[in-house]
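# Tertiary structure, described
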Amino acid sequence: MNFNELIKLNKQNVKSIIRLITKQDNEDLEQEVYLKIWKNQNKYTEQGSLKSWVNTVAKNVAKDYLKSAWFKNTKNSDNDEYTLDSIADKKSLPDDNVISIERQQRIISAIEELKPKLKETVMLCEIQGYTYEEVAKKLNCPIGTVKSRIFNAKKELAEKLSDLL
């Protein structure tokens, strides 16, 4: 695998995936994606396309970043001043940070209000990044059931959070 060529071919796509998931450009995450690809290149098998493997790595890196940021914010949610100080993006205005935290808390609350099976499926697929197939195995149910639960959960969340969309 020519690593420079891999970066050149996938740079824009990796950048887009990170921007789509994190809602910001983040060169550190891009570098982390390429570092993980380089470290794990011997684990790549020719079963799927190289591009889809790179996309999966980028998606997982971005989701891990969000999970760590979410954990830091919710861990300190009792102390609002500390929460605002701990937010990594110092370029944004304080009002933007407050709105972002409120938005995150509303989304978390909406997920918490879902029926247990919907909540569990959303947490596994969307938060923890498992594929539908992996979730179906974990929950011991057909893949169609997983897809149905995700669809219903997203529909319910869209209704509850319509003003955020």
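As the structure is a prediction and not an experimental result, all values here were calculated from the model. Residue numbers restart at each chain and count upward from 1, following the sequence in its written direction. The predicted nature of this model means local features are confined to residues of pLDDT at least 70 and side-chain atom pairs, given and counted, to a pLDDT of 80 or more, with totals for whole chains, interfaces and linings taken over all residues. Heavy atoms throughout the structure, all of them, feed into the side-chain values; hydrogens and water do not.

## With respect to the packing of helix α6 (residues 116-127) against helix α7 (residues 132-139)
For the pair α6 and α7, the least separation of the axes is 9 Å and the interaxial angle reads 140 degrees. When the interaxial angle is binned, α6 and α7 end up oblique. For the element pair α6 and α7, the recorded crossing hand is right-handed. Along the contact surface, α6 presents E120, T121, L124 and C125, while α7 presents Y132, V135, K138 and L139. Partitioned by chemical class, the residues of the contact of α6 with α7 number five nonpolar, one polar and two charged. Every axis in this analysis is a line fitted to C-alpha atoms, fitted for helices over the stretch in contact. Angles between the N-to-C directions lie between 0 and 180 degrees. To qualify as a helix, a DSSP run of H or I must reach at least 4 residues; to qualify as a strand, a run of E must reach at least 2; elements of each kind are numbered from the N terminus. Should an angle fall under 35 degrees it is called roughly parallel, over 145 degrees roughly antiparallel, and 65 to 115 degrees roughly perpendicular, with every other angle called oblique. Crossings are classed by handedness, with left-handed meaning an anticlockwise turn of the near helix from the far one by less than a right angle and right-handed meaning a clockwise turn. For this analysis, residues touch if any pair of their heavy atoms sits within 4.5 Å. Three categories are distinguished: nonpolar for Ala, Val, Leu, Ile, Met, Phe, Trp, Tyr, Cys and Pro, charged for Asp, Glu, Lys and Arg, and polar for the others, with Gly belonging to the last.

## Re the environment of V61
Position of V61 among the secondary structure elements: in helix α3 (residues 50-75). Under the scheme applied here, a residue whose accessible area is under 20% of the maximum for its type counts as buried, over 50% as exposed, and between as partly exposed, the area being computed with a 1.4 Å probe on protein chains only. Since its relative accessible area comes to 2%, V61 is described here as buried. Taking C-alpha positions, V61 is 6.9 Å from L29, a pair spaced 32 residues apart along the chain. Setting aside anything within four residues of it in sequence, one finds V61 in contact with L29, E32, V33 and K36.

Purely spatial values, then, with no claim about function.
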